[in-house]
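What the coordinates show
Here are the chains, one letter per residue:
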Amino acid sequence: MTLTIPALRARGAARRRPRRPLGLVLAAAFLSLVVLTAVLAPVLAPHSPEATDLLNSLAPPGTEGHWLGTDSTGRDVLSRLMHGARLSLLAPLGVVLLSGVLGTAVGLLAARAGGWVDAVLTRAMDIVFAFPSLLLAMLVVAVFGPGLAAPVCALAVAYTPFLGRVVRSMALQEGARPYMESYRVMGFGEWWVTLRHLLPNVAPVILAQGTLSFGYALVDLASLSYLGLGVRPPEADWGSMISQAQSAILQGQPWSGLIPGIAVLLTVVSVNVLGEHLSGSIARRQGETR
Amino acid sequence: MNVLDIAGLRLSVGDVPLLADVTVRVGRAETVGLVGESGSGKSLTSRAALGMFPRGARVTGHVTAAGVDVLAAGRGALRDLRRTRAAMVFQDPRASINPVRRVGDYLTEGLRASGVPAREAAARALDLLDQVGIRDPGRAVRRHPHEFSGGMLQRVVIAGALAAEPDLLLADEPTTALDVTTQAEVVALLKRLQRDRGTGMLFVTHDLDLAAAVCDRVYVMYAGRVVEEAPSAGLFRAPAHPYTRALLEASPSARGERAEIRAIRGRPRSLAEAPSGCSFRDRCPLADDACARKVPDIRPHGTSLVACLRPQEVTP
Amino acid sequence: MTEPEPVPEPVPGPVLEVASLVKRFGTFTAVDDVGFTLMPGASLGIVGESGSGKTTTARVLAGLEEPTSGTVTLAGETVTGRSRRDRLRRARLLQMIFQDPYGSFDPRQTIAESVAEPLRLHAPGSRKQHRARAAELLDQVGLSRRAGQSPPRDLSGGQRQRAAIARALAVRPRVLVLDEAVAALDVSIQAQILTLLEELRAGTGIAYVFVSHDLGVVRHITDEVLVMRHGRVVERGATEHVLRTPRHPYTRLLLDSIPSPDWDLDRVARDRVARDRRALDLADRQATPAPKGETTC
């Protein structure tokens, strides 16, 4: 009598050879392309992003000399897209880094200090969490005036609870493991143990969470720019490009707005695919060590 | 007729062999021990009795549990086997009970699924709790698992396992997570219920002393094989396999004369890591070249059946 | 060769003194008036079931919990402070081994790195010296160089417990507290670790506080034993003596509960009844202090 139990295919395959899903490869390739064009925009862009050509306004994609067409003042969409990528990527990166530092600090402090410190920080995070991030950013812009610095800081604060909560619960979980106690018995101080042993063990989670919030930040900042509260002209990011294309869209010429919109969409999706993959592989690795 | 009949069971996952030629029998009203260290395959063997195999497993041999040919049975027949004719008690009672449901629901669930009316199932639940020695069953059925201590909860699990009056009870380290005095109570309870009902029990444990105390017969497993089978009393007086003897000598005893413990060199192997021929030979003080040639056949020695070429050197 | 900073010369006298130790969590008293002394090179067992307070006692000794009252004196000096100096002093004199050999290591570090870790704090010297000392320690507990270079997940339970012992020995402590240190190991591996612990005690004169539920193991590794129940010491004495002629009914119940081929479950039930009756008597007499003696109820 012979019986064969079917294996879970995905797991079996993963054991033998780490197979990279196609989506992940595409996402990574697209992101590298975006980063590369952003860095090399001054060299690669066919036109100056500010050069207007009123005779040639609202040219559709495929026009000679303007592959992605021109906007309502005849500026080259491709060149503006490439230059705009710089701010569109840098600003969310700033949000992620800032909120990463803040969230990690708050989460670790809450978990390790405990008691009333934990209670106050957790409650504060709840309040910020409940506050719509865009509204916070708009209020800050209203107070400090437009420009990127204010909304970046505001969004960083608004995003802090996302990471802070995750870091806090991870730190509590990790902090209860015997190896943390054994370092305490060895005479190491609380903060030394936290920074040298706890933080590196929760770092992958911070990284994955940060990647995911990059996508949110990109969309939020584009929305602010669209509302005219982000970058100030003549500087441009993808959000302000969409904003400026509004009248053209109403005239039935959607290209100059659609193209930066697609750029936002693809970038956010790629970043999220990457983030999901990171969280997934962390979960698997922790499954192995526990 | 045996309530459990496992013969020539081989199990591998992918190209990793886990069990080789395992034969285990449990008669009606008999308690049989399955003893071994980690990697010995004792839990795999007991789970095989209910047709619970790891993913990707390739299984050959014969497994008949409570009259059901487990390897040939379809889903429905297996479900029926697990629900009514065989039951299992695991090491950690907290992991085997849904923590958000009341104890009463846990006990009546299986009965209701097999068609017992609600009122009758509730009455049976009270009766079962009373039988496993839980005071005030009427209140107990309304409580949640976290309101019970580990020992009390294991009693509840045992009550649940016995609810359907199975022919076969599989107990996988049922007292390992319990305190020693609680262990004694739970074992006493298991023995009493099993004797009263004529249930056959396969008692899986790492603790040779416990197996000897509880079981009529004991199988000792090492690296995915049964290396010795003997009546409990005989196993202690005269172990026939060097591994059994080494295990006995390695366990410190709290009673009787104080004897030095003797450690076994190396660490327990799984079947995949085991050397050719006798699996134990790389740790065995008696091993020589002959042991490497082939897996020793099972043969009688004293009261034991043993897979060793020279059991007379273990216990003359 | 790197040496940890010299510990004050061994004073003739106990290396560890615990006096009227009490630990409460809220209204629950986990440890109730526990006291004992430990001479250099001695081995003391603390046995009991879950909830007996044995693990809490161990954790107080190691500084993981602060006692509600009572004193812990190490080599003649009371260690109660939370200052860096007190912390280091306590760590250098007393180390602890935990039950779970799987969770006792930082999963990101190799075993050798983990063993070298306490040296960074307690022993001056270069990284290279620390590495050499770590290799020496691993060799002392019977671990290969290859095992040292592995991450903890690649080691077996027994190997990890050896590594935990190596790490605890790195600072050359005079007391080692072992909390159920062999409970999670296979019998054959447990015997190896017990043998190793015996050799280490004979070779280095280190003293053990061995916390365990397993009377067989305690009999093997300790000279003296405390039996704890509900936070209190109910019986104490030379291990062999206590196990052979238990005087407290609870000790007797513990002994009779250990399975053996001639296990008499009826006798266990009788012991249990006797113990419960004693507990009732105790409840009646609770106001009057227990008489001093070898056994207290």
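Every chain is numbered on its own, with residues counted from 1 as its sequence reads. Here the convention is simple: chains get letters from A, ligands get numbers from 1, in the order in which they are written. Reporting of local features is limited, given that this is a predicted model, to residues whose pLDDT is at least 70; pairs of side-chain atoms are given and counted only at 80 or more, and all residues count toward the totals for whole chains, interfaces and linings.

Considerations on helix 3 (residues 111-122) of chain C
All names here are of chain C. Defined as follows: In this scheme the burial state of a residue depends on its C-beta neighbours within 10 Å: 20 or more other such atoms mean buried, 12 or fewer mean exposed, and anything in between means partly exposed; the C-beta positions come from the backbone. The helix and strand labels rest on DSSP assignments: H or I over at least four residues marks a helix, E over at least two residues marks a strand, and numbering proceeds from the N terminus. The contact criterion used here is simple: two residues whose C-beta atoms, placed from the backbone, lie within 7 Å are in contact.
Most of helix 3 sits out of view: nine of its 12 residues are buried. The set of residues buried in helix 3 consists of Ile-111, Ala-112, Ser-114, Val-115, Ala-116, Glu-117, Pro-118, Leu-119 and His-122. Next to the buried residues of helix 3 lie helix 2 (84-93), helix 4 (127-140), helix 5 (145-148) and helix 6 (157-169).

A word on the interface of chain A and chain C
Under the convention used in this document: In this classification, the charged set is Asp, Glu, Lys and Arg, the nonpolar set is Ala, Val, Leu, Ile, Met, Phe, Trp, Tyr, Cys and Pro, and all remaining amino acids, among them Gly, are polar.
Contacts between the two partners involve 16 residues from chain A, matched on the other side by 22 residues from chain C. Of all elements in the fold, only helix 8 (178-185), helix 9 (190-226) and helix 12 (255-289) of chain A reach the threshold of two or more residues within the side of chain A that touches chain C. Sorting elements by how many residues they give to the side of chain A that touches chain C places helix 8 of chain A first, with six residues. Looking at the side of chain A that touches chain C residue by residue, the classes come out as six nonpolar, six polar and four charged.

Notes on unusual backbone geometry
Residue and element names in this part refer to chain B. Of note in this structure, Ala-66 is not a glycine but carries a positive phi near 45°. By the secondary structure assignment, Ala-66 is in the loop between strand 4 (57-65) and strand 5 (68-69). Note on Ala-66: 21 C-beta atoms within 10 Å, which makes it buried. The backbone of Ala-223 sits at a positive phi, close to 50°, despite the residue not being glycine.

Overview of the packing of helix 4 (residues 77-113) of chain A against helix 7 (residues 149-175) of chain A
Residue and element names in this part refer to chain A. Inclusion rule: Fitted lines through C-alpha atoms give the axes, limited to the stretch in contact for helices. The angle between two N-to-C directions lies from 0 to 180 degrees. Here roughly perpendicular refers to angles of 65 to 115 degrees, roughly parallel to angles under 35, roughly antiparallel to angles over 145, and oblique to all remaining angles. If you view the pair so one helix is near and one far, a crossing is left-handed when the near helix is turned anticlockwise from the far one by less than a right angle, and right-handed when it is turned clockwise.
Across the interface, helix 4 lies against helix 7 with an axial gap of 6 Å and an inter-helix angle of 40°. The orientation of helix 4 with respect to helix 7, classified from their angle, is oblique. Taken as a pair, helix 4 and helix 7 cross one another with a handedness that is right-handed. Taken together, the residues that form the contact of helix 4 with helix 7 break down as 18 nonpolar, nine polar and two charged.

Some words on the interface of chain B and chain C
Facing the 31 residues of chain B at the interface are 31 residues of chain C. Counting residues per element, the side of chain B that touches chain C draws most heavily on helix 8 (residues 180-197) of chain B, which supplies five residues. A breakdown of the residues in the side of chain B that touches chain C according to their chemical character gives 17 nonpolar, seven polar and seven charged.

Here's the deal with the domain arrangement of chain C
Residue and element names in this part refer to chain C. Stated formally: Domain start and stop points were drawn from an automatic or database domain assignment.
Parsing chain C into structural domains produces domain 1 (16-236) and domain 2 (246-287). Computed from C-alpha coordinates alone, the two centres of domain 1 and domain 2 are separated by 30 Å. Taken together, the five residues of domain 1 in the interface contact eight residues of domain 2. Elements with a contribution of two residues or more to the side of domain 1 that touches domain 2: strand 9 (224-229) and strand 10 (232-238). When its residues are assigned to classes, the side of domain 1 that touches domain 2 shows three nonpolar, no polar and two charged.

A short note on the sheet that holds strand 2 (residues 28-38) of chain C
All names here are of chain C. Spelled out, the test is: Only strands that DSSP links by at least two bridges are regarded as paired with each other.
Here we have four strands laid out as an open sheet, ordered 2-1-4-5, and antiparallel in their pairing. Two strands close off the open sheet at either side, each with one partner strand: strand 2 and strand 5 (77-78). As paired strands, strand 1 (residues 16-25) and strand 4 (residues 69-74) are joined by five bridges and run antiparallel to one another. Across the sheet, the residue bridging to Val-22 is Ser-69, located in strand 4.

Side note on the sheet that holds strand 8 (residues 200-205) of chain B
Residues and elements named next belong to chain B. Read from one edge to the other, the open sheet built from eight strands follows the order 6-7-8-3-9-10-12-11, with strand pairing classed as mixed. Of all the strands in the sheet, just strand 6 (86-89) and strand 11 (299-301) have a single pairing partner and so form its edges. Averaged over all neighbouring strand pairs, the angle between strand axes comes to 20°, with direction disregarded. Pairing of strand 3 (residues 31-35) with strand 9 (residues 217-222), which is carried by four bridges, proceeds in the parallel orientation. The partner of Val-35 across the bridge, within strand 9, is Val-220.

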